Amino acid sequence: MTTPAVYRSVLPVLLSFLLTSASLAAQGPASGLPPGWQLDGPDLVWTSEAPLRAGGARYEFRSGTRLLGYPATHGRTLRLRLSPPGSLTDLSVWAAGRRLDAAAHSGVTRLRMPQAAPPDDAPLAASTYEPAARGPYPTERLRYALPDLPVAGFEAPVEVVGEVVAPLGTAGPLPLVVFLHGRHNTCYRGGPDGESVLNWPCPPGWRPVPSHSGYRYMTRVLASQGYLTVSIAANGVNGQDGLFLDGGAFARSALLRHHLARWAKWSRHGGDPWGGRFHGRVDLDRVVMVGHSRGGEGVERAAIDSDADDPWTIRGLMLIGPTAFGRQVAPGIATTVILPFCDGDVSDLQGQQYVDIGRDLTIDRALRSSVMAMGTNHNYYNSEWTPGLSQSPAWDDWFDPNDPQCGEGGPQRLSPREQQAVGLAYTAALVDLAVQGNPRALPLLDGARVKPASIGRARAFVHAVGGDKRVLYAAGRGLDFSATGLTASQCRGFFNAGPFDLRPGCGRPHYFEVLPHWTPMAFGETAPAPKALRVQWSAPGGRLEIPVEPGSRAFDGLDFRIAGEPDAAPVEIDVRVRDAAGRWTRLGTQPLTLRSYHGPSPLGKVVARQLRASLAGSRVDPTAIRAVELSPRSAEGRFWLLDISSWRDRVADSDPIRLPRVSVGDVIVREGDSGEHSVDVPVFVDGAVTRPAYLWVQLTDYSSFEDPTRGFPLVLEPGATSAFIPFEYIADDVYTPFPQQIQVVLQARRNAVTADFDATLFVEEDDPAPVLTVDAAEVTAAEGAALTWTFRLSEPLVHGGYWFLQFLPADARFPELDSDDVPADFLEWHGIVPPDEPVVLSELGIFLSLEFPPGETQASVSVPIARDGVAEPAEGVVLLLDGVGDPVVPVPIEVSGSVD
């Protein structure tokens, strides 16, 4: 019997042949599947006109608003074993909020703007502090390869390989910076112009792609500044993570912590591969982890999975174009997220969630920074993913070469070297801030309008929460506001109208790729969307008054996170504050200016820009401020206010916060007797719940013929050590090929984090299965007739049943029928253009469907034979029906037919 862990890993992708509905029988190419789509036996296949390459984003197949599952990649095709049952209408394929098979879909509009560059913002001041400056130490590069690491659920163990760049001539323990690359092809041959694949282990004659070597431009500089850097390989995870709902985050976490444990052992006790060179030389109390793409999600998960008694402390996290499938945020750790504006892989910029969720997860003094890096794509932050720099095949992930902002070679795109300068500068700044507490790094990461001089012409816009800031107002927290001469209302980014049916909330409908603050969780879309305060006006002079929570400490200014409408003109805003005595004071002599992100879709991003109003020279007592007023000067406009924070020009001390870790467990339960049954899905708590912990639960019943998805809140009260999620199901006394398999997903919302956030509840069918037999295994027919086999079930199936037969090469009894021996419309029905030269049927990839309608016990399968009037010897076919462990087909059934 399959283990629960395996059920969890394969649920959304691979189910048995029986989980294909009888209604799919009429869904072949002749019945109107969209161009590029076809049914290949039990698989739904989409073929792309452009190459499909491994990346961080997850591909999704949808039928209307219903998620069909996550297909596997095979060259230019995506292939999904169909689940759940149901008809195929309005098919679409998505990746990270971007639809790949069409330009638009019902109810959602793309931004249409002139093909021109946006107006430049006022230039950012160059900081006198240069985090990317090379340090005083020479460096040395080392390498280690240790025994492979077994990972639960993986067929092959994962490599334990690290590239070390160490400073020379230093004294004392060295802070440790660990790099983890993302998901890319794993193996290659033939050099940069050769081939690459996503396999593990590599096939004979192929070499591992050295993705972990792609950050040397960072590790060399950091090592010269006195940091010990280690970049680890994760091809073994990339080659096997495609079937796991968390995208392999648990495996990346295990791999990272395995490396950290080895470094802790080498530093404490010696025994490293270089003769004890690092004995006593590694400061594991000061660790920073840098993760790119799925590696970003992996380092976040590793920080959550680390225990208080582990011999390391993670002080900083640098996330570059990260995925956020599980929305798992590690509190108390300084975090910077680089969002590549021209990211063609994780194009919805879901990494913004690490900042936004971190704001509300708990009381947290760790600075969380979002860096919108203009002109940068996803891949070029790794030199081994960059054409012209890599040893293996590499590519530009941006999908529109003619785009005026992001098209390669356009004036707005940065060269690979310029892009890597951005990655180095902000990574080094985060390391300096997290490890050294350097106040000079703060303006680069807290939203001040300065930039590192080393990034040259590059533009990067930063907004931040946490640190020494305090949130004074956030949409949805219940504080009243008043509007005069304009309209203001709190809104959600989207509304859940049904399973995976997300209706626009804040403003016009857009693809989710332009809404990073409101990107729905890939498989948690029932969770309520975050709120914003939407402000609109059609004449100048309006006022928006917002009460703020009074504070007891002084601060230096107010920070506003405001998102503008992408195709709107810049907005100018005056700011006033009201004290406890009712006095109003204007801040600054110039209005704040908000410029939104312009450009053709998907470049019109609804992303917050940070505006700062300084209190300098205002003589305002910060502790007496009771309200903030925003007054637009522009004739008309619209924006969304996310929050207002007080700002102090100082670095806040922060330590990792150990919130309770909540996990959900797999369950297998026998169906039982007919009637209603209840089962409890266990929830485990690791750590003390001292405040009410809020989570969201989503249940998706992939075997449901109706609404498959629902969600609801889960609250853990103080002192809770466990909980359960109740689920009710209806049992019967007849066999069904559609056993219930329910996906359970947890999302942490406040005062908790999640560890194993996904699980499967499997209701095991325990009624005896009918037996499938064939009346005659060998049949004959004449030209112009048909080869027909009749199959029978010993008992009918309530919901019917569906199987496939595939053509096998003919044996020595007769030559095999070819494409000329069957009518052209038979081939066309199966999506095959009749070939000019005859091809035997077993080489055409044809599957024949065997359908039993509900309640029926007899069904037939036929192969029509064309009449050509040419005298020929007997020819034939061999067909195989294999249920892959299906109890209705306990052994494969082989049939054959010959034509006289």
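These numbers come from a predicted model, not from an experiment.

### Section: the overall build of the chain
Working step 1: A count of helices and strands for the chain gives 9 helices and 53 strands.
Working step 2: Here the C-alpha radius of gyration of the chain, 30 Å, is about what a compact globule of 900 residues would show, namely 29 Å.
Working step 3: Projected onto its principal axes, the C-alpha positions of the chain cover 100 × 70 × 60 Å.
Working step 4: Nonlocal contacts in the chain, meaning residues at least 24 apart in sequence, comprise 76% of its contacts between residues at least 6 apart.
Working step 5: When the accessible surface of the chain is summed, it comes to about 33,200 Å², and 51% of that surface belongs to carbon and sulfur atoms.

### Some thoughts on the side chain of glutamine 698
Working step 1: Relative to the assigned elements, glutamine 698 resides in strand β40 (residues 693-701).
Working step 2: Judged by its relative accessible area of 1%, glutamine 698 is buried.
Working step 3: For glutamine 698, the side chain forms a polar contact with the side chain of threonine 526, separated by 2.8 Å.

### Let's talk about the nonpolar core
Working step 1: With 96 residues, the main nonpolar core has Leu176, Leu228, Trp263, Met289, Leu317, Leu716 and Ile725 as its most contacted residues.
Working step 2: Sort the elements by how many residues they give to this core and helix α4 (residues 249-269) lands first, with 8 residues.
Working step 3: Sequence-distant contacts of leucine 228, that is, excluding residues within four places in its chain, are made with Val164, Val165, Ala166, Pro167, Leu174, Pro175, Leu176, Val177, Trp263, Phe278 and Val282.
Working step 4: Membership of the second largest hydrophobic core comes to 42 residues, among which are Tyr217, Val371, Ala429 and Val462.

### Some words on the sheet that holds strand β42 (residues 722-731)
Working step 1: The strand order β42-β39-β37-β44 describes an open sheet built from 4 strands, whose pairing is mixed. Edge positions in the sheet fall to β42 and β44 (753-754), since each has one partner strand and no second.
Working step 2: By the bridge criterion, 10 bridges tie strand β39 (residues 675-686) to β42 in an arrangement that is antiparallel. When the sheet's bridge partners are listed, histidine 677 is paired in β42 with tyrosine 729.

### Let's talk about unusual backbone geometry
Working step 1: Of note, the bond from tryptophan 200 into proline 201 is cis; its omega dihedral lies within 30 degrees of zero at -5°.
Working step 2: Residue position: proline 201 is located in the loop between β14 (195-197) and β15 (207-208).
Working step 3: With phi around 60°, serine 293 is a residue other than glycine that occupies positive phi space.
Working step 4: Take serine 293: it is sitting in the loop between β17 (282-292) and α5 (294-305).

### What to know about a negative patch on the surface
Working step 1: On the surface, Asp820, Asp836, Glu837, Asp868 and Glu872 cluster together into a negatively charged patch.
Working step 2: Tracing the chain through its elements places aspartate 868 in the loop between β51 (858-864) and β52 (875-881).

### Things to note about the confidence of the model for the chain
Working step 1: Of all residues in the chain, 91% attain a pLDDT of 70 or more, and the chain-wide mean is 88.
Working step 2: Here residues 1-31 scores under 50 on pLDDT; set against residues more than four positions off or in separate chains, the count is 93 contacts.
Working step 3: Low pLDDT (under 50) marks residues 103-118, which in the prediction has 36 contacts with non-local residues, meaning those over four places away or in another chain.

### Focus on the pattern of salt bridges
Working step 1: Here the structure, examined in full by the defined rule, presents 43 salt bridges.
Working step 2: Between arginine 359 and aspartate 643 there is a salt bridge; the shortest N-O distance is 2.7 Å. Taken as a pair, arginine 359 in helix α6 (residues 353-361) and aspartate 643 in strand β36 (residues 637-647) lie far apart in primary sequence, 284 residues in all. For the pair arginine 359 and aspartate 643, one class covers both residues: buried.
Working step 3: Residue aspartate 643 pairs with arginine 561 through a salt bridge whose shortest N-O separation is 2.7 Å. Separated by 82 residues along the polypeptide, aspartate 643 in strand β36 and arginine 561 in strand β30 (residues 557-564) bring together distant segments of the chain.

### Looking at the packing of α4 against α5
Working step 1: Following both chains from N to C, one finds α4 and α5 inclined at 65°, their axes separated by 8 Å at the closest point. What the angle tells us is that α4 and α5 run roughly perpendicular. Read as a crossing pair, α4 and α5 show a hand that is right-handed. On α5, the residues that touch Ala249, Phe250, Arg252, Ser253, Leu256 and Arg257 of α4 are Arg294, Gly295, Glu297, Gly298, Val299, Arg301, Ala302 and Asp305.

### Comments concerning the state of the cysteines
Note on terminology: disulfide describes a covalent bond linking the sulfur atoms of two cysteines.
Working step 1: Under the counting rule described, the total for this entry stands at 2 disulfides.
Working step 2: Here cysteine 187 is linked by a disulfide to cysteine 202, with a sulfur-sulfur distance of 2.0 Å. Here the disulfide of cysteine 187 and cysteine 202 is left-handed, its torsion about the S-S bond being about -90°. Taken together, the positions of cysteine 187 in strand β13 (residues 187-189) and cysteine 202 in the loop between β14 and β15 put the pair 15 residues apart, joining distant regions of the chain.
Working step 3: Residue pairing for cysteine 342: its cysteine sulfur links by disulfide to cysteine 406, the two sulfurs lying 1.9 Å apart. What sets the handedness of the cysteine 342 and cysteine 406 disulfide is the S-S torsion sign, and at about -70° it is left-handed. Of this pair, cysteine 342 sits in the loop between β19 (334-340) and α6 while cysteine 406 sits in the loop between β20 (367-373) and α7 (416-436), placing them 64 residues apart in sequence.

### Things to note about the packing of helix α2 (residues 216-224) against α7
Working step 1: Put simply, α2 and α7 touch, their axes get as near as 10 Å, and they point 40° apart. Regarding the angle of α2 to α7, the classification is oblique. Here α2 and α7 pass one another in a crossing that is right-handed. Contacts between α2 and α7 involve Tyr217, Met218, Val221 and Leu222 on the former and, on the latter, Gln420, Gly423, Leu424, Thr427, Ala428 and Val431.
Working step 2: Each residue belonging to the contact of α2 with α7 can be placed in one class, and the counts come to 7 nonpolar, 3 polar and no charged.

About the thresholds
- Residues numbered from 1 in each chain as written.
- Predicted model: local features only at pLDDT ≥ 70, side-chain atom pairs only at ≥ 80, totals over all residues.
- Heavy atoms only, no water.
- Helix = DSSP H or I, 4+ residues; strand = E, 2+ residues; numbered from the N terminus.
- Rg over C-alpha atoms; globule rule 2.2 N^0.38 Å.
- Contact = heavy atoms within 4.5 Å.
- Areas by Shrake-Rupley, 256 points an atom, 1.4 Å probe, with all protein chains shown as cover.
- Buried < 20%, exposed > 50% of the residue type's maximum accessible area, 1.4 Å probe, protein only.
- Polar contact = N/O pair within 3.5 Å; in protein donor to acceptor, adjacent residues only side chain to side chain.
- Core = buried A, V, L, I, M, F, W, Y, C linked by side-chain atoms within 4.5 Å.
- Pairing = 2+ DSSP bridges.
- Patch = residues over 30% accessible without salt bridge, like charges linked within 9 Å, V, L, I, M, F, W, Y side chains within 5 Å.
- Salt bridge = Lys/Arg side-chain N within 4 Å of Asp/Glu carboxyl O.
- Lys, Arg positive; Asp, Glu negative; His and termini not counted.
- Charge placed at Lys NZ, Arg CZ, Asp CG, Glu CD.
- pLDDT = per-residue confidence, 0-100.
- Axes fitted to C-alpha atoms, helices over the stretch in contact; angles between N-to-C directions.
- Parallel < 35°, antiparallel > 145°, perpendicular 65-115°, else oblique.
- Left-handed = near helix turned anticlockwise from the far one by under 90°.
- Disulfide = S-S within 2.5 Å.
- Nonpolar A, V, L, I, M, F, W, Y, C, P; charged D, E, K, R; others polar.

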